[in-house]
Amino acid sequence: MFNNLVLLLPVLLPLMVGLVVFWLHNPRARRIAVSAAVLGTFVSAVGISFLPEPSLRIWDLGGSISIYLRLDGMSRFFLCLVSGVWMLAAFFAYEYMQHEGKEERFFGFFTMTLGILMGIGLAGNLLTLYMFYEMMTLITVPLVIHNGSREAVAAGFKYLGYSTFGAGLALIGFFFLNRYCVSTEFSAGGTLDLSLVSGHENLLFTIWLLMMIGFGCKAGMLPLQAWLPTAHPVAPAPASAVLSGIITKAGVLAMIRVTFYLFGAGFLQGSWAQTVLLCLSLATVFAGSMLAYKEKVLKKRLAYSTVSQVSYVLFGLFLLNGVGFTGALLQMVFHALVKNLLFMAAGAVIYKTGKTDVRELAGIGKQMPVVIWCFAFGALSLIGIPPTAGFVSKWYLAQGGISEYGALGIAGVAILLISALLTAGYLLPIVTRGFFPGRDFDYANLEKKEPSCYMTVPLVILAVLAVLLGIFPGPLTEFIGGVSAALF
């Protein structure tokens, strides 16, 4: 019984501490509370990962109407990834939020969001997932509108509108799955009752397509991606980092659960809906890269980059084969690390210099060498240059596309390569001009502006991981292979 109840710990701990943080006006007490919450959540997430798949039915009204938590391989993957990266973002935020103000409110919602994400990771059925998913939308809106400007409020309402519409599409699917599935509890390989499905295949393909578009809103997939480049630039940098690096992955997790744990890859392979979704993901990859290449505002450029890079994950998932799935989960990890790194580095630049336009960043590497070196390693990983981590995930994605999906798979690999070149085009000039501003640069008035260890240490850790996981990807790839093997 204790093994089952312990599933509540990573959910309730940050939720309860987050409520307390709203009333902690002393900065030191607030930091201690938030640190205890995020560190405790990380430790509990890692700890329960060693348990033999416990489950806990919290509320049951019969049939599919139940709130149900369960630990499986996918849960372990998501919990450890989210809690680990969230901890680094929290420490970065301690110094950064001093110039944003309203720290009690920010850290209250920030800490509570972690608990909601733990609930999404532990959700054992579609209703529980949907409940936490909607809670995540509502509780992250204050992070977007934090500074209270007209632009921020408009972005927050746009984020809320898009997310609500996307969740509505997913909710429609719940009613159909409740009819055609043996159960809406997540089970590797799917739970469709094929005797009921017979003759209604196209209806189910349509429902899957709508649910992927709905949950794909959080992941930034066309056609519901427009909130992302609007919301990220106006939010404080730590919020932008987790919105881009982590919240988008909650949408991906929902798509994984519906696709592989309810419908089942075997039922969906070769369908017209698979072709449509592959095309949508590749269109998002290309469009996001092109828009990022043209964008001059640093955080908005990174937001468009997220639109593109998360759809690398979706491309791998929609291939519906084991190699593509492995590449997708590797890309989830590496993008979470790198995009948090890049947004936090951008935040450090804004915090210390006030510069938000990439055209203003000549010589920034001379002023903030640690920050820009970390940014450089993140950029190399996002491009996919070996031996960084991004190369490993993109290699698996390419192998998955070439191996089983014919001309469209090969076209997909070509688009991924073009996107990688565009990524180099919009990230590397920031680094090169930062360290080599040219002869006309005024070196006489150069002033060092490196932030404190609260901001630099998380950046260094993320940069080191971006390289080490590329050099030694074996343990992570082996773990993901175990998750994949249960599905294919």
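All values derive from a computational prediction rather than experimental measurement. Sequence order as written defines the numbering, with residues in each chain counted from 1. Residue-level local features of this predicted model are given only where pLDDT is at least 70; pairs of side-chain atoms are given and counted only at 80 or more, and the full residue set underlies all totals for whole chains, interfaces and linings. Hydrogens and waters are ignored; side-chain quantities use all the structure's heavy atoms.

Participant: Could you give an account of the overall build of the protein chain, with specific residues and numbers?
Facilitator: What counts as a helix is a DSSP run of H or I of at least four residues, what counts as a strand is a run of E of at least two, and both are numbered from the N terminus. Of regular secondary structure, the protein chain possesses 21 helices and 2 strands. Radius of gyration means the value over C-alpha atoms here, while the globule rule gives 2.2 Å times the residue count to the 0.38 power. For 488 residues, the compact-globule formula gives about 23 Å, and the C-alpha radius of gyration of the protein chain, at 22 Å, lands near that figure. Dimensions of the protein chain, computed from the C-alpha atoms along their principal axes, are close to 75 × 55 × 45 Å. The proportion of buried residues among the 488 residues of the protein chain is 60%. For every residue, the accessible area obtained with a 1.4 Å probe (protein chains only) is divided by the maximum for its type, and the residue is called buried under 20%, exposed over 50%, and partly exposed between those limits.

Participant: Any details on empty space enclosed by the protein? Residues and values, ideally.
Facilitator: Put plainly, a pocket is an open set of points on a 1 Å grid over the protein atoms alone with protein on both sides within 12 Å along at least five of seven lines, a cavity is a set where a 1.4 Å probe fits but cannot get out, and a lining residue has an atom within 4 Å of a point. Grid points are joined across faces, edges and corners, and a volume is the space filled by probe spheres set on the points. Evaluation of the coordinates by the stated rule reveals 1 cavity of 30 Å³ or more. Quantified by volume, the largest cavity comes out at close to 40 Å³. Forming the walls of the largest cavity are L298, A345, A346, V349, L361, I364, I372, F375 and I430. Elements represented by at least two residues in the lining of the largest cavity include exactly α15 (322–353) and α17 (369–383). Considering every element that reaches the lining of the largest cavity, the biggest residue donor is α15, with 3 residues.

Participant: How would you explain a nonpolar patch on the surface if you had to name every residue and give the values?
Facilitator: Residues enter patches when they are more than 30% accessible in relative terms and free of salt bridges; like-charged ones are connected within 9 Å and nonpolar ones (Val, Leu, Ile, Met, Phe, Trp, Tyr) within 5 Å. For the accessible areas, the method is Shrake-Rupley and the probe is 1.4 Å, while residue cover comes only from the protein chains on display. Here, a salt bridge means any side-chain nitrogen of Lys or Arg that lies within 4 Å of a carboxyl oxygen of Asp or Glu. Judged by side-chain polarity, V370, V460, V464, L468, I471 and F472 come together as a nonpolar surface patch covering roughly 490 Å² of accessible area. Broken down by element, the nonpolar patch gets its largest block of residues, 4 residues, from helix α20 (residues 453–471). Among the secondary structure elements, V370 is positioned in helix α17. Given a relative accessible area of 35%, V370 falls into the partly exposed group.

Participant: Before we move on, can you summarise the nonpolar core with the specific residues and values?
Facilitator: In this structure, L117, I256 and F263 are the most contacted members of the largest nonpolar core, which totals 176 residues. Here the element with the most residues in this core is α15; it accounts for 19 residues. Residue contacts are defined here by distance: any two heavy atoms, one from each residue, within 4.5 Å place the two residues in contact. Setting aside residues no more than four positions away along its own chain, I256 makes contact with M74, Y261, L317, F325, L329 and M332. Side-chain atoms within 4.5 Å link the members of a nonpolar core, which is a set of buried Ala, Val, Leu, Ile, Met, Phe, Trp, Tyr and Cys residues.

Participant: Mind laying out the layout of surface pockets, listing which residues take part and the relevant values?
Facilitator: Taken as a whole, the largest pocket holds about 500 Å³ of empty space. Around the largest pocket, the lining comprises 20 residues; the ones closest to its centre are F42, C80, L81, V333 and L476. Elements supplying a minimum of two residues to the lining of the largest pocket: α3 (27–48), α4 (73–96), α15, α20 and α21 (474–485). No other element matches α4, which puts 8 residues into the lining of the largest pocket. By the convention adopted, Pro, Cys, Tyr, Trp, Phe, Met, Ile, Leu, Val and Ala count as nonpolar, Lys, Arg, Asp and Glu as charged, and the other residues, Gly among them, as polar. Across the lining of the largest pocket, the residue classes tally to 17 nonpolar, 2 polar and 1 charged. Within this model, the second largest pocket holds a volume of roughly 330 Å³. Ranked by the residues each element gives to the lining of the second largest pocket, the list is headed by helix α10 (residues 227–234), at 4 residues. Of the residues belonging to the lining of the second largest pocket, the class tally is 11 nonpolar, 4 polar and 4 charged.

Participant: I'd like to hear about the pattern of salt bridges, residue by residue, with values.
Facilitator: Under the defined criterion, the tally for this structure stands at 7 salt bridges. In this structure, R30 engages E104 in a salt bridge whose closest nitrogen and oxygen atoms are separated by 3.8 Å. Of this pair, R30 sits in helix α3 while E104 sits in helix α5 (residues 103–122), and the two are 74 residues apart along the sequence. Its salt-bridge partner being D357, residue R359 comes within 2.8 Å of it at the nearest N-O pair. Taking relative accessible area as the criterion, D357 reaches 14% and is therefore assigned buried.

Participant: I'd like a description of the side chain of T477, backed by residues and values.
Facilitator: Structurally, the position occupied by T477 is in helix α21. Pairs of N or O atoms are called polar contacts if they sit within 3.5 Å, as long as, within protein, a hydrogen donor faces a hydrogen acceptor (for residues adjacent in sequence, only side-chain-to-side-chain pairs). Of note is the side chain of T477, whose polar atom sits 2.8 Å from the backbone oxygen of P473. Ignoring anything within four residues of it in the chain, the contact list for T477 reads T326, L330 and Y396.

Participant: Before we move on, could you go through unusual backbone geometry and cite the residues and values that matter?
Facilitator: Omega for the bond connecting L222 with P223 falls within 30 degrees of zero, at 10°, which places this linkage in the cis form. By secondary structure assignment, the location of P223 is in the loop between α9 (201–216) and α10. A cis amide bond links P386 with the next residue in sequence, P387, at an omega value of 5°. If you trace the backbone, P387 turns up in the loop between α17 and α18 (389–404). Positive phi, close to 50°, is recorded for K102, a residue that is not glycine.

Participant: How would you summarise α17 if you had to cite specific residues and measurements?
Facilitator: Residue count minus one, scaled by 1.5 Å, sets the expected span of a helix. Helix length check: α17 (15 residues) gives 21 Å between terminal C-alpha atoms against 21 Å at 1.5 Å per residue, within 8%. Among the residues of α17, V371, I372, C374, F375, A376, G378, A379, S381, L382 and I383 are the ones counted as buried. Immediately downstream of α17, the backbone of G384 shows phi near 100°, a positive value.

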